[in-house]
Amino acid sequence: MFSLIILDCLMKLRKERTISAIYHLLTGKRSSQTLQDAHMYQLTGYFGLIKSLQRKEFNKCMERMVKNGLISIDNDGVGFPTKKGEDYLITNNQSNILEEFKGMEYEKFAELFSLRLLLLIQTITNKKAESTGFIALTDDKQAQLWVKQLYRKYRHELDQLVTGIYHDLHAFLSKLTDQQASLFVERLTGYEKIGLSKLQLANKYKMNILDIEVWLVYIYHKILTESIHEKDKYPYLTLALEGIMDQTFVTNSATVTYNMLQNGFTIDAIARSRRLKLNTIEDHIVEIAYMDPYFTIGNFVGEAEQKEMLKAIELLQTNRLKLIKTKLNDKFSYFQIRLVLAKHRLEDKGSM
Amino acid sequence: MNKTLEYYLEKYTGHNEFRTGQKEIITDVLEGKSCLGILPTGSGKSLCYQLPARVLNGLVVVVSPLISLMIDQVKQLKAEGFREAVALNSFLDYTEKQQVYHNLDQYKLVYVSPEMLQNPYFLQRLRKQSISLFVVDEAHCISQWGHEFRPDYLKLDTVIQDIGNPPVLALSATATPDVQKDIIKQLNCEQMVKHIHPMDRDNIAFVVKTVESDKYKLDYIAALLHSYQVPTMIYFSSRKWTEQAAEILRTHVPNLRIAFYHGGMEQTDRILIQQQFMNDQLDVICCTSAFGMGINKKNVRLVVHYHLPTQVESFIQEVGRAGRDGEASVNLLLSNENDQLLPKQLIETELPTHGQITMLMDYLRHLVESKELTIDESLVSTQFQFNETQWRFLKYQLEVHGMIKEDRLVQISSSDRKAIVNDIHLLVDKRKKLKLAKLTDLINWIHDKGCRRERLFLPFQEQVRPAKFQCCDHCGFSFEEWNPTITNKRITSDNWEDMLQSLFFQGEHHEKQTS
Ligand SMILES: Nc1ncnc2c1ncn2[C@@H]1O[C@H](COP(=O)(O)OP(=O)(O)OP(=O)(O)O)[C@@H](O)[C@H]1O
Ligand SMILES: [Mg+2]
Ligand SMILES: [Zn+2]
């Protein structure tokens with residue numbers, strides 16, 4: 001599974017980025033370069049999939065893929081799939097499993113959602129068994145608080161809650177393969193049943209630990225998608241979504257910039273009052289343009305200028321900033337070009 | 001107080017009687033007396049301050065050497081419903097620490113590392129609280145002659161004064177009479193009431209098995225585990241070894257559930273593995289000493305030492321994980337002629353070399369001469385390749401010799417500097433020698449022909465009790481006569497639907513349970 005993701009990334013990057021870009025993407029680096037790459041090359045789904053991924057581990061994996069003849073990496077560190085790699089990707093992604101990853105979309109709450117669910121299951125199964133002495137599997141304060149409140153609400157209908165979660169999970173897991181469902185259930189902790197660590201799962205299912213890692217994310221993203229879109233089908237799983245989908249932007253700092261823009265501040269004024277560099281504020285604005293479909297960039301680039309740039313981009317068939325800038329005789333700043341690219345992507349998506 | 005201590009014991013812990021030594025210590029502590037408590041591993045020393053913490057008004061401060069140990073204990077207390085307990089350590093981030101600082105008055109029990117107690121801001125907060133008891137757990141760490149060198153342990157007496165001289169309780173399971181004296185002296189607490197109990201464990205048999213070379217050790221263990229499928233801990237001296245051994249043993253004894261545990265693992269994985277072991281979901285743990293102090297699983301039947309620790313005290317601590325329910329348990333030490341190699345290496349790396357010290361002093365002189373009076377500790381550590389223990393040791397020495405005051409360098413004459421370098425060199429040599437001597441004690445114990453329990457515990461107490469079950473390999477131990485209860489493995493299905501059902505008490509499984 002992990003190699004599928006790498007292959008897909010390399011395909012979409014069209015040799016325009018080094019493999020480091022993939023590493024930053026997977027670990028969810030909050031730089032505007034990485035965010036922009038993610039959008040430009042339709043890789044948002046993989047953003048931040050394995051936050052804890054070590055560079056060394058990543059490199060080892062790349063080497064293994066090279067050795068297996070799936071990819072090649074040139075001297076500049078730019079990678080691309082071999083013919084064998086392309087075939088491998090096509091045969092293994094027939095049911096479009098890779099589309100299930102929603103890294104950037106869910107990045108703010110996937111983790112909290114899963115912690116809530118895991119802790120809830122641990123808590124209610126222990127309570128049902130009338131066991132009080134269990135050690136919480138997470139120290140996350142937000143998750144603990146939420147479980148406490150929910151439990152208080154349901155303490156007199158505990159059986160209903162336990163059965164409800166069970167049925168929702170069963171219905172959802174039935175849509176997965178047996179192996180995926182097993183991975184998920186083995187990882188759960190409950191009364192006198194402690195979940196397996198990722199390494200234990202890897203040993204038991206004879207998989208690489210990175211594969212385990214991404215399969216688990218895959219399953220959680222799928223639960224999220226299902227429970228967001230079919231709330232009625234999963235009334236109990238949906239409980240764990242409560243109040244966690246309100247934030248939209250990747251960086252909190254961008255949210256502040258966004259609010260100030262809405263209140264009529266200029267870029268200069270924001271930078272001055274927040275004591276940040278102009279560049280940083282510009283990064284925020286590009287990020288906002290990606291995230292908010294209703295954000296207008298007219299204040300920064302006029303309508304006609306936008307058209308001019310889009311034409312050039314189409315002509316060049318590339319998203320490379322430098323090429324675009326030169327083509328347009330340096331008439332526009334990088335900031336303006338990035339902004340148009342950001343906006344363009346959304347318009348494109350919107351007209352489909 | 002008008003209720004009996006037994007009333008509180010029952011109310012807060014559910015136990016219905018005190019174990020040896022507990023009641024006397026608790027009574028003294030509640031009367032405001034300072035105590036030294038020496039009790040065997042697993043005897044219930046924690047209760048001696050946890051119960052007072054609940055009964056007394058004010059805050060109980062516990063100094064504990066290992067972060068994982070503190071975190072475990074607080075988790076355990078919370079699980080038992082004691083919410084006013086917290087562990088303060090370097091793992092907490094800034095805001096979390098601030099939160100605890102500002103709400104100190106809402107806690108009744110706070111665990112801290114000795115290093116935390118050097119934080120001036122925290123001390124200032126502590127001074128504002130009424131401290132009802134100051135506890136030093138694993139108190140042998142204080143002693144110069146004890147476990148490892150932790151300079152901040154030596155400053156505890158000043159801390160105690162600083163926070164208003166509360167009563168002090170020092171606890172240990174491995175302190176020779178010399179160390180006991182040293183603890184009292186270091187804490188500056190001559191009036192301490194001593195509660196010294198024999199610390200030998202009469203339900204543990206000691207076995208040393210000599211094998212030709214390391215590679216036979218795992219074979220021996222595998223064969224043993226074939227016949228005795230009991231909860232087992234195997235100690236190694238390196239993280240890498242725990243991982244490799246777990247993998248090899250898994251192929252040799254496939255029907256056993258085997259995992260490894262060491263300090264380099266992710267926090268969540270550590271909790272999972274530890275909990276699985278506690279919950280009898282794992283049979284064998286290959287671990288470093290990070291899985292040691294404070295681990296409190298009742299039915300560990302077999303503790304194996306694949307590698308040696310560096311001294312008898314650590315050995316006793318690790319052995320002490322076995323048989324905490326009082327049943328017949330075994331410690332097996334695997335020995336060969338290279339026993340001392342790894343511990344020796346460890347000892348070497350704990351102290352800086354002469355060369356390192358001289359270079360550091362030159363560098364510091366440079367700094368002072370160029371009017372640069374602050375030290376970038378991480379820079380120094382990388383530049384001179386100090387590990388944490390080495391740097392901690394040196395920094396303390398620089399403080400003692402007046403070269404650092406309040407974290408700033410002090411100008412000194414070059415003749416003074418020479419004298420100091422010389423002093424530190426001598427001290428390093430002395431400590432190395434001492435540590436090697438302690439290692440030799442352990443090695444000698446292995447080769448001694450006498451009764452193992454007697455030889456092991458006599459330095460700590462006047463008399464060693466007779467063994468409750470088998471004694472040791474020199475008194476005729478044989479595995480054939482050891483009949484530990486085999487824990488029943490729950491049969492679990494590998495089918496996800498079955499697993500899910502039983503987790504949620506659904507379907508057949510549930511009906512069987514309730515009918
Ligand atoms: N009075 C009692 N009755 C029954 N069980 C007790 C009693 N006091 C303590 N225990 C239990 O004994 C076990 C060991 O206690 P504890 O961890 O405090 O030992 P310890 O002396 O600190 O050991 P170590 O030296 O290994 O740290 C715990 O499970 C505790 O619940
Ligand atoms: Mg203890
Ligand atoms: Zn004997």
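Residues numbered from 1 in each chain as written. Chains lettered and ligands numbered in written order. Predicted model: local features only at pLDDT ≥ 70, side-chain atom pairs only at ≥ 80, totals over all residues. Heavy atoms only, no water.

For chain B, the name recorded in an unreviewed UniProt entry is ATP-dependent DNA helicase, with Aquibacillus koreensis as its organism.

An unreviewed UniProt entry lists chain A under the name Helix-turn-helix domain-containing protein, with Aquibacillus koreensis given as the organism.

This paragraph deals with the sheet that holds strand β5 (residues 131–136) of chain B. As a general point, the strands of a sheet are linked pairwise by backbone hydrogen bonds and lie either parallel or antiparallel. All names here are of chain B. The parallel open sheet is built from seven strands, whose spatial order is β3-β4-β2-β5-β6-β1-β7. One side of each edge strand has no neighbouring strand; the edge strands of this open sheet are β3 (85–88) and β7 (193–196). Averaged over all pairs of adjacent strands, the angle between their axes in this sheet comes to 15°, without regard to strand direction. Inspection of the sheet shows strand β2 (residues 59–63) paired to strand β4 (residues 109–112) by four bridges, in the parallel sense. Across the sheet, residue Val63 finds its bridge partner in β4, namely Val112. Along the sheet, helix α8 (residues 177–186) makes contact with β1 (35–38), β6 (168–172) and β7, crossing β1 at roughly 155°. (Pairing = 2+ DSSP bridges. Helix = DSSP H or I, 4+ residues; strand = E, 2+ residues; numbered from the N terminus. Axes fitted to C-alpha atoms, helices over the stretch in contact; angles between N-to-C directions. Contact = heavy atoms within 4.5 Å.)

Before going further, it helps to spend a moment on the interface of chain A and chain B. On the side of chain B, 27 residues touch chain A, which itself brings 40 residues to the contact. When chain A packs against chain B, the two sides together hide about 3,000 Å² of surface, and 63% of this comes from carbon and sulfur. Broken down residue by residue, the surface that chain A buries against chain B is led by Ile135, Tyr166 and Ile194 of chain A, which jointly contribute 24%. For the pair chain A and chain B, the number of links is one salt bridge. In this structure, Lys204 of chain A engages Asp494 of chain B in a salt bridge whose closest nitrogen and oxygen atoms are separated by 3.0 Å. Where chain A meets chain B, there are seven residue pairs in polar contact (both at pLDDT 80 or more). Of all the secondary structure elements, the ones that give two or more residues to the side of chain A that touches chain B are α7 (110–128), α9 (158–173), α10 (178–187) and α11 (198–204) of chain A. If one sorts the elements of the side of chain A that touches chain B by residue count, α9 of chain A sits on top with seven residues. Looking at side-chain class alone, the side of chain A that touches chain B contains 18 nonpolar, 13 polar and nine charged residues. (Buried area = accessible area lost by both parts, 1.4 Å probe. Salt bridge = Lys/Arg side-chain N within 4 Å of Asp/Glu carboxyl O. Polar contact = N/O pair within 3.5 Å; in protein donor to acceptor, adjacent residues only side chain to side chain. Nonpolar A, V, L, I, M, F, W, Y, C, P; charged D, E, K, R; others polar.)

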